[in-house]
Amino acid sequence: MAPILSIEGLTAGYGKLPVLHDVSLALEQGRMLSIIGPNGAGKTTLTRAICGQCTVMSGAIRYDGRDIAGWPGQEIARAGIGYVPQSNNVFRALTVEENLEMSSLLMERAAQKAAIEAAYARFPRLTERRRQVGASLSGGERQMLAIASALLSEPRLLILDEPVSGLAPSMTDEVAHSISQIAKSGVTVVWVAEENPQMIIGLSDEVVVMTTGTIKLHQSAQEMLAAENFREIFLGI
Ligand SMILES: Nc1ncnc2c1ncn2[C@@H]1O[C@H](COP(=O)(O)OP(=O)(O)OP(=O)(O)O)[C@@H](O)[C@H]1O
């Protein structure tokens, strides 16, 4: 099967400054990939490059067979890639319900209603808070809303930047469980993980370790967890 995402020799960054250097990566449909690495390794920049939010200097980003490198973010979203950045990912002044409506504006009314109900079914916590504004949600509830909003357009690839960082342990478990369910439903998930790497890798199929704008290691989650130098990989990188 051809990979749903295939990155070849990608150099990308901000303005004229490259941050990613010659990055190559392939991911099959339905897999869950976690990206780990120290601060400044380029994890966020890699997710931004895929989603059309930084400058691609060279290389290809093939999604579903098409080279989307350099496409505007909106077209990439329309092609089926959902993106949840780490912060500023909900409309803070709007209620939960209004956030979901905003993210499904282009749908027909009946389809929109059904999609929003499906979002509440997936995240029951949001149902209880449907009249609360984004700014008043807890960190975990905000991530749930951001993920629910991204799912409304039914992406086949969902990219999440540190969705559980800074959350309380019980919220971390709840959000991580939801993401795992999303992956089980057939959506390909790319997940940037900073905290709780062991738990996140345990839920993933594959792991990429990044350092200084390059991919240092790409292996199965099982291999990574079984590696004798597992702790070194995290503490040493
Ligand atoms: N908007 C920007 N403009 C210029 N340089 C940037 C910008 N955003 C990030 N960088 C630089 O790109 C490099 C990689 O940052 P990036 O955020 O991708 O790393 P990261 O692995 O996600 O780390 P962190 O976990 O700290 O977010 C850093 O040196 C950072 O300073």
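Anything mentioned here points back to the structure above.
Procedures and definitions
- Starting from 1, residues in each chain are numbered consecutively following that chain's sequence as written.
- Thresholds applied to this predicted model are a pLDDT of at least 70 for local features of residues and 80 or more for the giving and counting of side-chain atom pairs; totals over whole chains, interfaces and linings are not thresholded and use all residues.
- In this description, strands pair whenever DSSP reports at least two bridges between them.
- Secondary structure elements are taken from DSSP: a helix is a run of H or I of four residues or more, a strand is a run of E of two residues or more, and numbering for both begins at the N terminus.
- Here the contact rule is simple: place C-beta atoms from the backbone, and any two residues whose C-beta atoms are within 7 Å are in contact.
- Orientation is described by lines fitted to C-alpha atoms, with helices fitted over the stretch in contact, and by angles between N-to-C directions that extend from 0 to 180 degrees.
- In this description, a nonpolar core means buried residues of the types Ala, Val, Leu, Ile, Met, Phe, Trp, Tyr and Cys, linked to one another by C-beta atoms lying within 7 Å.
- Think of it as a crowd count around each C-beta: if 20 or more other C-beta atoms lie within 10 Å the residue is buried, if 12 or fewer it is exposed, and in between it is partly exposed, with C-beta placed from the backbone throughout.
- Handedness of a crossover: with both strands directed away from the viewer, a clockwise path from the first strand across the helix to the second marks it as right-handed.

**Describing the sheet that holds strand β4 (residues 55–63)**
Taken in spatial order, the four strands line up as β2-β1-β4-β5 in an open sheet, and their pairing is antiparallel. This sheet does not close on itself; its edge strands, each paired only once, are β2 (17–27) and β5 (66–67). Against the sheet, helix α1 (residues 43–50) makes contact with β1 (5–14), β2 and β4, and its axis sits at roughly 70° relative to β2, the strand it touches most.

**Points about the nonpolar core**
Ranked by size, the top nonpolar core spans 68 residues in total, and within it Ile35, Ala148, Ile159, Leu160, Val189 and Trp191 carry the most contacts. For this core, the element with the most residues is helix α6 (residues 139–151), which contributes seven residues. With sequence-adjacent residues up to four places away left out, isoleucine 159 is seen in contact with Thr47, Ile50, Cys51, Ile81, Gly82, Tyr83 and Val190.

**Focus: the pairing of strand β7 (residues 157–161)**
For β7, the buried fraction is high: five of the five residues fall into the buried class. A two-sided burial pattern is seen for β7, the buried positions comprising Leu157, Ile159 and Asp161 on one face and Leu158 and Leu160 on the other. Pairing of strand β6 (residues 81–84) with β7, which is carried by four bridges, proceeds in the parallel orientation. Bridged to isoleucine 81 within β7 is leucine 157. Looking at chain direction, β7 and strand β8 (residues 188–192) are connected through five bridges and run parallel. By the bridge assignment for β8, aspartate 161 is matched with valine 192. Regarding topology, helix α7 (residues 169–184) serves as the crossover connection from β7 to the parallel β8, and that connection is right-handed.

**Topic: the sheet that holds β8**
Reading across from one edge, β6-β7-β8-β3-β9-β10 is the order of the six strands in this open sheet, with mixed pairing throughout. The sheet is open, and its two edges are formed by β6 and β10 (214–220), each paired on a single side. Sheet twist, expressed as the mean angle between neighbouring strand axes with direction ignored, is 15°. Alignment of strand β9 (residues 206–211) against β10, held across six bridges, turns out to be antiparallel. Across the sheet, valine 209 pairs through a bridge with leucine 217, a residue of β10. Sitting on the sheet, α6 is in contact with β6 and β7, with an inclination near 165° to β6. Contacts between α7 and the sheet are confined to β3 (32–36), β7 and β8, with β8 contributing the most and set at about 150° to the helix.

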